[in-house]
Amino acid sequence: AQTVTQSQPEMSVQEAETVTLSCTYDTSESDYYLFWYKQPPSRQMILVIRQEAYKQQNATENRFSVNFQKAAKSFSLKISDSQLGDAAMYFCAYKGYGGSQGNLIFGKGTKLSVKP
Amino acid sequence: DAGVTQSPTHLIKTRGQQVTLRCSPKSGHDTVSWYQQALGQGPQFIFQYYEEEERQRGNFPDRFSGHQFPNYSSELNVNALLLGDSALYLCASSFYLSTARARETQYFGPGTRLLVL
């Protein structure tokens, strides 16, 4: 069975600085997706970034980028120029490819605090 | 473009009661997945509905059941509520089958907070 591990329960970053959140996963599949979701206190789960395992290029979305290491089964999220609004729980998630692999498997999350 | 909506936002029930939660998917999506998120934990997959059928199920008892309607909206029913059912229930929508990989991304609603006393 696939598993997702986030080893940092809490992280803190100074406003305008850069922070990296770690995620490792375990799977025997070769084709899959990895996601980072953000959950602020309002509790709505918001998609931050998506990576498709067959793509070697790391995904980027404005200030958010990932370091995808397929062989090491590692998928870290880098947030540049951190803003107060980035404070939230961040969840790493795995999904198999195809309609029959419908479920997301989440890690336990990392709580990110941003200091002004 | 309407996103995923859920109702109600909050709900309080007592042990042994039954509850129904509702979800409307993002416009154009045909698949609804339900997740349970206990306090301080990541979401756990309950089940997924496509074409009005349960396509995949997580490790949840039969007390948890669902339904999908022809307009793709969905209900989650929980019978014989236990204290441990207190959680945030999240609904997510997506496409089930597509040649466009990006369409498999799941988008979440705001959730329903259920408290069982």
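Residues numbered from 1 in each chain as written. Chains lettered and ligands numbered in written order. Predicted model: local features only at pLDDT ≥ 70, side-chain atom pairs only at ≥ 80, totals over all residues. Heavy atoms only, no water.

Turning our attention to the overall build of chain B. Counting its regular elements, chain B contains zero helices and eleven strands. Taken along the three principal axes of its C-alpha coordinates, chain B extends 45 × 25 × 25 Å. Put simply, chain B has 117 residues, and 50% of those count as buried. Counting every atom, chain B has about 5400 Å² of accessible surface; 50% of that belongs to carbon and sulfur. (Helix = DSSP H or I, 4+ residues; strand = E, 2+ residues; numbered from the N terminus. Buried < 20%, exposed > 50% of the residue type's maximum accessible area, 1.4 Å probe, protein only. Areas by Shrake-Rupley, 256 points an atom, 1.4 Å probe, with all protein chains shown as cover.)

On to the environment of Phe47 of chain B, then. All names here are of chain B. Turning to its location among the elements, Phe47 is positioned in strand E5 (residues 44-50). Sequence spacing of Phe47 and Ile12 is 35 residues, and the spatial spacing of their C-alpha atoms is 23 Å. In this view, Phe47 contacts Val32, Ser33, Trp34, Glu54, Gln56, Arg57, Phe64, Ser65, Gly66 and Leu76; residues no more than four positions away in its chain are not counted. (Contact = heavy atoms within 4.5 Å.)

To continue, consider the layout of surface pockets. In this structure, the largest pocket spans a volume of roughly 310 Å³. In terms of lining, the largest pocket is formed by 18 residues, of which the most central are Gln39, Pro40 and Met89 of chain A together with Gln37 and Gly40 of chain B. Grouping the constituent residues of the lining of the largest pocket by class yields ten nonpolar, five polar and three charged. As a volume, the second largest pocket reaches approximately 250 Å³. Contributing to the lining of the second largest pocket are Leu47, Val48, Ile49, Arg50, Gln51, Glu52, Lys55, Gln57, Asn58, Ala59, Thr60 and Glu61 of chain A. Of all the elements in the fold, those that place two or more residues in the lining of the second largest pocket are strand E6 (46-52) and strand E7 (60-61) of chain A. Element by element, the count of residues in the lining of the second largest pocket is highest for E6 of chain A, at six residues. In terms of residue class, the lining of the second largest pocket is built from four nonpolar, four polar and four charged. (1 Å grid on protein atoms, 1.4 Å probe; cavity = no way out; pocket = protein on both sides within 12 Å on 5 of 7 lines; lining within 4 Å. Points joined across faces, edges and corners; volume = space filled by probe spheres on them. Nonpolar A, V, L, I, M, F, W, Y, C, P; charged D, E, K, R; others polar.)

This paragraph deals with the pairing of E6 of chain A. Residues and elements named next belong to chain A. For strand E5 (residues 32-39) and E6, the ladder comprises six bridges, and the chain directions are antiparallel. Residue pairing across strands places Trp36 opposite Ile49, the latter belonging to E6. In this structure, the hairpin formed by E5 and E6 is closed by a connection of six residues, where Arg43 is found at a positive phi of approximately 75°. (Pairing = 2+ DSSP bridges.)

All chains considered together, the criterion is met by two disulfides over all chains. A sulfur-sulfur separation of 2.0 Å characterises the disulfide bridge that pairs Cys23 of chain A with Cys92 of chain A. On the sign convention where negative means left-handed, the S-S torsion of about -70° between Cys23 of chain A and Cys92 of chain A marks this disulfide as left-handed. Of this pair, Cys23 of chain A sits in the loop between strand E3 (19-21) and strand E4 (24-26) while Cys92 of chain A sits in strand E10 (residues 88-96); the two residues are 69 residues apart in sequence, bridging distant segments of the chain. As far as the burial class goes, Cys23 of chain A and Cys92 of chain A line up, both buried. Each sulfur of the disulfide joining Cys23 of chain B and Cys91 of chain B lies 1.7 Å from the other. A torsion of -55° about the S-S bond marks the disulfide between Cys23 of chain B and Cys91 of chain B as left-handed. Here the residue Cys23 of chain B occupies a position in strand E3 (residues 19-24), and Cys91 of chain B occupies one in strand E9 (residues 87-94), the gap between them amounting to 68 residues. (Disulfide = S-S within 2.5 Å.)

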